[in-house]
Structure formats: C-alpha cells, structure tokens
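# Understanding the architecture of this molecule
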Amino acid sequence: MECRVGDGFTEPGFNEAQGRGASKILFLPLRRRNTLSAAPVSDEGTFRIYLGAPTPIHGSLITVTAISLMTSDPHSIVGTDILSTKVHLSEQGIIMSSPLSIEVQPSPPGLEKQYKTLFTVDCLQFLHDLISTFHQRVDQILQLRLLRKVHLDLSGELPSFSKEPSSVRSDTTWKVLPVPERLQRRHVDIGDLAPCDCQRFLRALKSLAQGIQVDFDDGNCPTFYNQIKGIYNVYKAVHNLFSDVPPISEAPVLMLRPRAWNMIESNMMVEGKRVPGPLFDFGLLMFHCGKMLLDNKSGPFFYLSKVESYIEARLWNDIFTWAQQKLTLPLGSIKATVLIENILASFEMEEILYELRVHSAGLNCGIWDYSASIVNKFGNNPAFLLPDRSKYVNMQKHFLRSYMDLLVQTCHCRGALATGGMVAQLLPHDPFSESYKTVIDMVTRQKMQEIHAGVDGFIVYDLNLIEPMQKLFKLHTVGDNQLHQLRPDIRVTADDLLSIPSGGVTLDGLKYNIAVGVLFIQAWLSGEGHFFYQGKVEDSATAEISRSQVWQWIRHQTKLEDEGKIVNRQLVTELTQQVMMQLLPLHGSNSAARRLQTAASMFLEVVLRRDFPEFFTTYLSQEHTFLCCHMAVEEKQAKL
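If you're wondering where the values come from, they're calculated on a predicted model, not measured in any experiment.

The next subject is the overall build of the protein. Of the regular secondary structure elements, the protein holds 21 helices and 21 strands. Evaluated residue by residue, the protein yields a buried proportion of 58% over its 640 residues. Here the analysis covers contacts within the protein between residues at least 6 apart in sequence; of these, 73% occur between residues at least 24 apart. Carbon and sulfur atoms make up 51% of the accessible area of the protein, which amounts to about 26500 Å² in all.

A barrel is described by the order of its strands in space; here eight strands give the closed sequence 10-11-12-15-16-17-18-19, paired in parallel fashion. When the angles between neighbouring strand axes are averaged without regard to direction, this sheet yields 25°. Inspection of the sheet shows strand 15 (residues 301-304) paired to strand 16 (residues 335-340) by four bridges, in the parallel sense. Directly across from Phe 302, in strand 16, lies its bridge partner Ala 336.

Given a rise of 1.5 Å per residue, twelve residues ought to cover 16 Å, and the 17 Å separating the end C-alpha atoms of helix 10 (residues 367-378) matches this to within 8%. For helix 10, the tally of buried residues reaches twelve of twelve residues, placing the bulk of the element in the interior. Among the residues making up helix 10, those that are buried are Ile 367, Trp 368, Asp 369, Tyr 370, Ser 371, Ala 372, Ser 373, Ile 374, Val 375, Asn 376, Lys 377 and Phe 378.

Quick look at the confidence of the model for the protein now. Residues with a pLDDT of 70 or more make up 82% of the protein, whose mean pLDDT is 86. Low pLDDT, under 50, characterises residues 1-86; the stretch is placed with 190 contacts to residues that sit more than four places away or in other chains.

Mapped onto the elements of the fold, Val 358 is located in the loop between helix 9 (349-355) and strand 17 (360-365). On the basis of relative accessible area, Val 358 is assigned to the partly exposed category, the value being 26%. Considered as a pair, Val 358 and Phe 320 are 38 residues apart in the sequence and their alpha carbons are 9.9 Å apart. With near-sequence residues (within four places) excluded, Val 358 lies in contact with Leu 177, Leu 331, Gly 332, Ile 334 and Lys 335.

Time to look at the pairing of strand 15. A two-sided burial pattern is seen for strand 15, the buried positions comprising Phe 301 and Tyr 303 on one face and Phe 302 and Leu 304 on the other. Pairing between strand 12 (residues 253-257) and strand 15: two bridges, direction parallel. When the bridges of strand 15 are listed, Met 255 appears paired with Phe 301. Taken together, strand 15, helix 8 (residues 310-326) and strand 16 form a β-α-β motif whose crossover is right-handed.

This model, assessed by the stated rule, comprises 35 salt bridges. Put simply, Lys 326 and Asp 129 hold a salt bridge, and the shortest N to O gap is 3.1 Å. Of this pair, Lys 326 sits in helix 8 while Asp 129 sits in helix 2 (residues 121-155), and the two are 197 residues apart along the sequence. For Lys 326, a relative accessible area of 42% corresponds to the partly exposed category. Note that Glu 467 is salt-bridged to Lys 471, the shortest N-O span being 3.6 Å.

The topology assignment puts Gln 522 in helix 16 (residues 507-525). Judged by relative accessible area, which is 10%, Gln 522 ranks as buried.

We now examine a nonpolar patch on the surface. On the surface, Leu 144, Leu 147, Tyr 310 and Ile 311 cluster together into a nonpolar patch covering about 350 Å² of accessible area. Those elements that provide at least two residues to the nonpolar patch are helix 2 and helix 8. Within the element layout of this structure, Leu 144 appears in helix 2. The partly exposed category is assigned to Leu 144, whose relative accessible area is 43%.

Evaluation of the coordinates by the stated rule reveals zero disulfides. Take Cys 221: it sits in no disulfide, and the sulfur closest to it among the cysteines is that of Cys 196, at 8.4 Å. Cys 411 provides the cysteine sulfur closest to Cys 365, a residue in no disulfide bond, and the two sulfurs are 8.3 Å apart.

This part is about the packing of aromatic side chains. In the structure shown here, the tally under the stated rule is 23 aromatic pairs. Centroid distance Phe 126 to Phe 287: 5.5 Å. Interplanar angle 45°. Geometry classified as tilted. Of the two residues, Phe 126 is situated in helix 2 and Phe 287 in helix 7 (residues 277-295); the sequence distance between them amounts to 161 residues. Residue classification places Phe 126 among the buried residues on the basis of a relative accessible area of 3%. Looking at Phe 287, the relative accessible area reads 25%, which means it is partly exposed.

As a further point, take the packing of helix 2 against helix 7. Two elements in contact, helix 2 and helix 7, have axes separated by 10 Å at closest approach and are oriented at 140°. Relative to helix 7, helix 2 is oriented so that their crossing is right-handed. Here Asp 122, Cys 123, Phe 126, Leu 127, Leu 130, Ile 131, Phe 134, His 135 and Val 138 of helix 2 lie close against helix 7, whose contacting residues are Leu 279, Phe 280, Phe 282, Gly 283, Leu 284, Phe 287 and His 288. Here the residues of the contact of helix 2 with helix 7 sort into twelve nonpolar, three polar and one charged.

With 132 residues, the main nonpolar core has Phe 119, Val 234, Leu 254, Met 268 and Phe 282 as its most contacted residues. With ten residues, helix 2 is the single largest residue contributor to this core. Among all residues touching Val 234, those that are not within four sequence positions of it are Pro 195, Phe 201, Val 214, Phe 216, Leu 254, Leu 256, Leu 285 and Cys 289. Phe 520, Ile 554, Val 579 and Phe 603 belong to the second-largest nonpolar core, a separate cluster that totals 41 residues.

Definitions and limits used
- For every chain, the first residue of the written sequence is number 1, and numbering continues from 1 along that sequence.
- Confidence filtering applies because this is a predicted model: local features only for residues at pLDDT of at least 70, side-chain atom pairs given and counted only at 80 or more, and all residues used for totals across whole chains, interfaces and linings.
- As a convention, hydrogens and water are excluded, and side-chain values are obtained from all of the structure's heavy atoms.
- Secondary structure elements follow DSSP: runs of H or I no shorter than four residues count as helices, runs of E no shorter than two count as strands, and numbering proceeds from the N terminus.
- Exposure categories follow from relative accessible area, calculated using a 1.4 Å probe and restricted to protein chains: below 20% of the type maximum is buried, above 50% is exposed, and the middle band is partly exposed.
- Working rule for contacts: check all heavy atoms of both residues, and any pair within 4.5 Å makes them a contact.
- All accessible-area figures derive from a Shrake-Rupley calculation using a 1.4 Å probe, and residue coverage is judged against the displayed protein chains alone.
- Should DSSP find at least two bridges between two strands, the strands are regarded as paired.
- Only the stretch in contact is used when a helix axis is fitted, and all axes are lines through C-alpha atoms; the angle between N-to-C directions ranges over 0 to 180 degrees.
- The length a helix should cover is 1.5 Å for every residue beyond the first.
- For every residue, the predictor states its confidence as a pLDDT score lying anywhere from 0 to 100.
- If you view a crossover with the strands going away from you and the path from the first strand over the helix to the second runs clockwise, you call it right-handed.
- Within this document, salt bridges are pairs made up of a side-chain nitrogen of Lys or Arg and a carboxyl oxygen of Asp or Glu, the two lying within 4 Å of each other.
- Distance thresholds for patches are 9 Å for like charges and 5 Å for nonpolar side chains (Val, Leu, Ile, Met, Phe, Trp, Tyr), applied to residues having over 30% relative accessible area and no salt bridge.
- Disulfide assignment relies on a single distance test, namely cysteine sulfur atoms paired within 2.5 Å.
- A pair of Phe, Tyr and Trp rings is counted when the ring centres sit within 6.5 Å of each other, with Trp represented by its six-membered ring. The angle between the planes then sorts it: under 30 degrees is stacked, over 60 is edge-to-face, the rest tilted.
- Less than a right angle of anticlockwise turn of the near helix away from the far helix marks a crossing as left-handed, whereas a clockwise turn marks it as right-handed.
- Each residue is assigned to one of three groups, with Ala, Val, Leu, Ile, Met, Phe, Trp, Tyr, Cys and Pro labelled nonpolar, Asp, Glu, Lys and Arg labelled charged, and all others, Gly among them, labelled polar.
- Residue types Ala, Val, Leu, Ile, Met, Phe, Trp, Tyr and Cys, when buried and joined through side-chain atoms within 4.5 Å, form a set referred to as a nonpolar core.

Below, the structure written as structure tokens:
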C-alpha cells in the first residue's frame with residue numbers, strides 16, 4: 001500500500017482486506033509530495049516502513065530511502081526513532097536527532113543529485129562521530145594559537161628551536177614510513193585546482209602531471225555550492241564516472257587539500273555548533289573515496305594547510321587513525337603532506353614529521369603564507385617590517401633560502417619527501433613570442449634553485465608548464481626523487497629563519513598589494529577562489545601577504561622609498577580609489593562594478609583595523625556581506 005504525504009497531517013488509506021483503519025501520520029511540511037510505503041513481510045502482519053522520495057525534493061533528506069523500520073503496526077511510525085535516529089524532512093534541510101544531533105542546510109540550487117549522493121545516512125553518522133569526537137580538540141588548538149600569540153606580544157620573546165632534551169631530535173634512527181609507489185616520483189603537481197571547476201579538473205586528470213593538488217583551501221572559495229560540487233567531482237573521478245578520463249589508478253594522484261583549522265563550515269551543525277571546515281571536507285572525502293583510492297593504490301593522500309605546531313600535527317594523526325579504524329582500512333593507508341607555511345612551524349618541522357611518521361608524505365614550502373605569518377606573529381614589532389614583496393621578497397633572500405634548506409634537510413634525514421612551492425606565472429599563448437621566452441627563463445631560474453636545494457618536486461598552476469618543468473627536473477636529477485640529498489652542509493639557526501631582508505616600500509608595490517587584496521575579495525564575492533592579474537594567478541596566499549603588508553606599513557608609518565610619502569590612512573585610501581579607476585573598466589557589468597566597490601570598502605576596513613585579523617579568509621567568510629553575496633551567486637549558478 002502507499003500513501004501520499006503532503007503538508008502537515010496526512011490520512012493514508014489502508015487496504016480494507018488487511019483489516020486496517022485510517023490513521024493520521026505527522027510529517028514536517030515539504031514543498032512537494034513525498035511517499036510513505038508499508039509492505040507486509042510476514043504472515044504475522046509485520047510491516048517494513050519505507051520513507052522515500054519519488055523525485056528530488058529541494059531542502060529535504062533525499063537519502064532517506066536507505067532508512068527502514070520493522071513494525072507490526074504501520075501506524076506506530078509516529079514519534080518512532082528510525083535506526084535510533086529521528087530524521088526530519090524539512091525545507092530547512094536535514095535534521096537528525098536522538099541520539100544524534102546533526103543539521104545540514106538544504107542543497108544548493110541545482111545540486112540536488114550531488115547532495116543526495118554525498119549525504120547518505122551512513123555518511124551523516126560518520127560525520128557526526130568524527131566531528132563530535134574531535135571538535136573540542138580543534139577548539140583547543142585555536143585557543144592555543146591565541147595564547148601563543150598573546151605571549152609573543154606581551155613578552156617580546158622570539159621563537160627558537162626547543163632547548164629541552166628531546167628524544168625526537170636526539171634520536172637519529174627514527175624515519176617516517178616509506179610512501180606508496182605512486183608518491184615516490186612526483187616531480188610536478190598541479191596547484192590551486194578547485195575541483196568545483198569541472199573543466200580545469202578534467203584537463204588536469206588527463207594531463208601528464210604526477211599529482212593534482214585538489215584544493216578546498218587557498219585556491220577555492222568555500223561556498224556551500226563549491227564545496228558540494230567539488231567533493232562530488234572528486235567522488236566521480238575516484239569512482240571512474242567521468243567519460244574520456246583515465247581511470248583513477250592511471251590518472252595523476254589526487255592530493256586532497258581540506259580547509260585549514262581556521263575555517264568553519266557554516267552549513268552544518270553538530271551538537272548545536274557549526275563544524276570545523278577541515279573535518280567536514282576530510283569526512284566527506286574519506287568516507288566516499290578512501291577505500292576506492294586504497295583499492296586502486298592511489299590514496300587516500302592529503303595536503304594539510306597552515307599547521308602551526310606539532311600539537312596540530314598530532315591532532316591530524318589521531319584523526320587519520322580514527323578514520324582508518326572506523327572505515328576498517330589498514331593503519332598507515334592515509335598519507336599526508338604538511339604545508340610549512342607558518343614561521344612557528346618552521347621551528348618544529350622535525351616534531352611535525354615525528355607525530356605523522358606513520359602517515360607522512362613529507363613537507364612542502366609555501367612562500368607567501370609563510371611570509372604573511374611573520375606579519376601575523378610579529379607585525380607590531382618594527383624589527384620585523386617586511387619590505388616590498390614584489391621587489392625584495394623571494395626565495396633568494398636569506399630567511400626564505402634558510403627555510404627551504406632546513407625543510408629539505410629535515411625531510412631527507414627522516415626519509416620524507418620535500419616539495420617546493422607553486423609557480424604562479426602564466427605562459428603567454430604564443431610559444432614563439434618574446435614574452436613566452438621571458439616567462440620560461442624566469443620560471444627555470446626559480447625552479448633550478450629549488451632543484452639545487454634538493455626538492456623532490458614542485459607545483460605549477462599553468463598546465464602548459466607541466467611538460468617543460470618535468471623535462472627540467474629529469475635533466476638535472478637522477479632517479480625518482482632526491483632523498484639521497486641529505487644536505488649535511490646545512491646548519492640553520494633561529495637567527496637565519498628570522499633575518500628579515502633589507503629594503504623599503506615602493507609606490508608600485510603598495511598599489512600592487514592593494515589591487516591584489518581588492519580583486520581577491522571581489523573574486524570571493526563572486527564565488528571564485530583565485531583570479532589572474534598581470535600574468536600571474538593570485539589566491540588567498542598572495543592576498544594574505546598583500547593585505548598583511550599594507551596593514552603593517554600603515555601601522556609603522558613607513559616611508560615610500562621612491563617618493564618619500566608616508567604610508568598612512570589617507571594615502572592608502574587615495575591609492576585604492578586610483579586602483580579602482582584602473583580596474584572598473586575591466587569589469588563591464590553593473591553588478592561586477594558594484595562588487596568591486598564593495599570589495600574596495602571591505603579591503604580598507606581590513607587594513608585600517610586597529611587589530612590584525614589573523615586570517616583574511618576567516619574574516620571574509622564570516623562577514624555578512626560575503627554570506628549574502630554567495631547565496632545570490634549560488635542561485636545564479638543554478639540557473640546556468
């Protein structure tokens with residue numbers, strides 16, 4: 001028998017031959033009609049109750065077809081816990097309670113199928129257990145970050161290598177476990193690849209790169225639409241559901257990069273709290289893709305962003321161990337590369353490797369987030385005034401060269417892989433042009449420095465750089481990697497890592513930072529995680545260093561070296577208006593122009609603050625303006 005559930009109460013008609021009368025069953029209202037079915041499964045009249053939707057219902061739990069309840073009386077479904085969990089179907093999304101408490105916002109418009117595939121009952125159970133197990137420890141590490149920052153500010157103390165006796169440092173025998181074969185030779189990865197960009201994702205899967213940084217962090221704008229679409233695209237790739245794409249066992253390995261600890265997923269609540277963004281991303285990716293990747297000897301592999309200490313690495317290790325046990329995967333199946341993009345983490349690289357020694361795939365350099373972290377941690381100290389990044393900050397400077405040398409030495413001494421940074425330059429279309437040759441020569445010089453430092457691979461954004469960079473690596477190295485380069489010649493001190501380069505601030509450098517900051521906010525308001533400007537890709541890492549430098553130069557009333565003007569509120573406001581006049585003609589529509597004006601106002605608000613917002617992305621993602629804009633963007637995307 002079958003009954004229709006419309007709005008509020010419904011009176012199902014039961015088969016008179018079964019001797020059943022009518023009954024009213026209460027459901028939360030739905031926009032369309034749902035189906036309640038009851039079918040006898042035994043002579044005793046036991047019924048199995050099914051909840052299901054004949055067509056996708058926006059805002060409801062599409063996956064409830066997986067739920068069933070054995071009962072002798074179909075009327076008794078009212079108030080009954082289904083699988084010990086009350087599942088409410090409502091226009092407000094998924095609500096599970098008693099004993100679970102988990103709420104998910106409705107599907108973004110146009111992604112009902114993807115939403116249904118991802119948010120199954122079993123997956124919701126996994127997410128609930130994962131988040132409820134670790135959310136307090138996530139809160140603790142964020143609080144520890146604040147305490148450490150306050151201590152640095154009040155004491156004037158600078159970071160140093162631990163002077164306490166440590167078996168981790170003194171024991172030269174321990175190594176990380178060897179990585180799987182597919183990670184042994186990863187000369188060129190594709191970076192900043194937000195998987196919600198289906199076209200670029202498919203091109204990457206068909207490319208000759210050894211790896212893809214599947215980015216839910218720096219190169220991605222974390223709207224609910226982008227997260228659901230991106231995770232679903234990964235699901236399709238892993239399960240070989242894309243046509244004309246190599247199977248996952250032959251495609252470039254997916255290095256899945258969940259969001260950093262500072263990011264919140266505002267569209268899910270567990271036990272009455274919004275959930276940490278990285279747990280949301282990791283949980284969905286691991287639940288739906290972990291076993292398939294392992295079966296194909298292609299993962300699961302991760303990138304871990306913005307780790308600041310070995311305590312945070314320990315938390316990730318515990319999460320990996322828990323997830324593998326929960327999904328009955330062998331311990332050590334997960335491998336993760338930690339991005340060392342914070343000045344404090346550079347003093348704990350050995351301890352970070354030790355905490356993740358069962359799950360480590362090595363460490364990675366991230367120049368701009370790393371440089372921005374110096375302003376973050378020591379920005380009030382004039383001794384740490386960072387000069388114009390366009391002119392004076394690059395990997396040839398002592399503090400960054402020391403950072404890379406130490407990273408390579410630390411990794412190789414412990415049997416871990418070390419990877420270099422991302423090439424942001426874009427190749428001109430004409431391979432015979434002078435500008436094309438200029439970019440190739442510049443990138444070659446940059447990457448030769450990293451090869452000589454001993455890195456085992458690096459990252460490019462432009463897919464057209466994959467082949468020339470692979471040839472460069474093959475020409476100047478021997479074997480799958482450079483693990484044999486132990487760098488015994490290196491001795492890096494705390495002073496080396498903290499040696500700020502000399503140099504001043506130029507007018508062009510100030511205007512460039514303003515432009516990058518404004519355009520990044522404009523991109524985020526449009527639902528995009530990165531953009532192109534003056535022949536390079538810019539993302540949250542370059543936006544971080546840009547807004548950090550402008551804030552710091554204002555704070556210390558820095559003088560421009562080419563004009564003698566003081567960098568202050570008036571100058572930055574005037575230059576922002578000048579930059580806007582240059583950018584507005586490039587954004588033709590009225591809506592784009594309005595977003596650009598909004599972005600400029602938000603940028604000024606950030607750089608003129610008395611305090612320093614720790615992360616640009618955290619600040620933006622929790623702003624009412626951003627939240628309103630991305631809802632409008634999602635509705636527009638659904639119509640396309």
